[in-house]
Amino acid sequence: MMKEWRVIGLIKNVTDKVEVIALDRKNKELERATVTIEEKAYSLTVSPYTLYEDTTVTGGTDYFHTHVALIINGEEIERTLLSSTRQFAFDVEGLIDYTDDEVEIVGYRYEDEITRNDVVIQEPTVEMTLTPYKIDDTFVTGKVTGKSATTVRLYVNRRRQQTVKIAEDGTFSLLGVAITSPTDKVELAVLNDAGIEIQRFTVTVTNQ
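Residues numbered from 1 in each chain as written. Predicted model: local features only at pLDDT ≥ 70, side-chain atom pairs only at ≥ 80, totals over all residues. Heavy atoms only, no water.

1. What about the overall build of the protein?
Consideration 1: Tallying secondary structure elements over the protein gives 0 helices and 20 strands in all.
Consideration 2: Computed over C-alpha atoms, the radius of gyration of the protein comes to 30 Å, more than 25% over the 17 Å expected from 2.2 N^0.38 for 208 residues, which places it beyond the range of a compact globule.
Consideration 3: If you line up the protein on its principal axes, its C-alpha atoms span 105 × 30 × 30 Å.
Consideration 4: By the burial criterion, 33% of the 208 residues in the protein qualify as buried.
Consideration 5: For the protein, restricting intrachain contacts to residue pairs at least 6 apart in sequence, the fraction spanning at least 24 positions comes to 53%.
Consideration 6: Carbon and sulfur atoms make up 46% of the accessible area of the protein, which totals about 14100 Å².
Consideration 7: Side-chain charges of the protein comprise 23 positive and 35 negative groups, with the mean position of each set lying 6 Å from the other. (Helix = DSSP H or I, 4+ residues; strand = E, 2+ residues; numbered from the N terminus. Rg over C-alpha atoms; globule rule 2.2 N^0.38 Å. Buried < 20%, exposed > 50% of the residue type's maximum accessible area, 1.4 Å probe, protein only. Contact = heavy atoms within 4.5 Å. Areas by Shrake-Rupley, 256 points an atom, 1.4 Å probe, with all protein chains shown as cover. Lys, Arg positive; Asp, Glu negative; His and termini not counted. Charge placed at Lys NZ, Arg CZ, Asp CG, Glu CD.)

What follows is the structure in structure tokens.
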């Protein structure tokens, strides 16, 4: 008959030496066998987070997890009990500002940490098509695409000019009266709906 032993809390590392010894009625050793210890592979997945677009960090775990915690730049922001679906979502609006912020999700089984994953923080995808601006043209025009792009702002020699909303088809027109020379530094900033600049592009200026 196969006999089972409960060893919870006794074996803590895969490097621990564990043996099973068979004894006779007089406790004389008959046989000895080494127990192979394998580390359990736990599952914790975290979705990539896009700056200026996402407001939550989401993911899921396997059923060995009971809690998960959100860590930002070394500080625990929140710890939550997992539901039966083992999915989680942390509200991080206003908490993640840069791609080099260190954001982690830590998985727990009761009080013990069993997993830890980095959150991949990525820049929003913004594509811009700009028409070269000719001196004395009325407008700087172009087309922009990107989930987070809502307005564009013109800068001439680092001075802020007009700001306009992007049309539904992605096009825009900005007054170019402040551009007087091909040597002017002309830039176009793309902003999200909170007025945060998410990307900047250089406008080509020509005489004709």
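The structure having been displayed, the exposition proceeds.
2. Remarks on the sheet that holds strand E18 (residues 186-191)
Consideration 1: Strand order across the open sheet formed by 4 strands is E16-E15-E18-E19, with antiparallel pairing between neighbours. Across the chains shown, the open sheet's two edge strands, defined by having one partner strand only, are strand E16 (159-165) and strand E19 (197-202). Sheet twist, expressed as the mean angle between neighbouring strand axes with direction ignored, is 25°.
Consideration 2: The pairing of E18 with E19 spans 5 bridges and is classified as antiparallel. Each residue of the ladder has a partner; that of valine 190, found in E19, is glutamine 199. (Pairing = 2+ DSSP bridges. Axes fitted to C-alpha atoms, helices over the stretch in contact; angles between N-to-C directions.)

3. Let's talk about the packing of aromatic side chains
Consideration 1: Under the defined criterion, the tally for this structure stands at 2 aromatic pairs.
Consideration 2: Between tyrosine 42 and phenylalanine 64 the ring centres are 5.6 Å apart and the planes differ by 75°, which places this aromatic pair in the edge-to-face class. Of this pair, tyrosine 42 sits in the loop between strand E2 (29-34) and strand E3 (44-46) while phenylalanine 64 sits in the loop between strand E5 (56-61) and strand E6 (67-72), and the two are 22 residues apart along the sequence.
Consideration 3: The partly exposed category is assigned to tyrosine 42, whose relative accessible area is 30%.
Consideration 4: Judged by relative accessible area, phenylalanine 64 falls into the partly exposed class, the value being 34%.
Consideration 5: Between phenylalanine 88 and phenylalanine 90, the aromatic rings sit 5.8 Å apart at their centres with planes inclined by 50°, giving tilted as the arrangement.
Consideration 6: With a relative accessible area of 6%, phenylalanine 88 lands in the buried category.
Consideration 7: Between the NZ or CZ atom of arginine 79 and the centre of the ring of tyrosine 108, over which it lies, the distance is 4.0 Å. (Phe/Tyr/Trp six-rings, centres within 6.5 Å; stacked < 30°, edge-to-face > 60°. Lys NZ or Arg CZ within 6 Å of the ring centre and 35° of its normal.)

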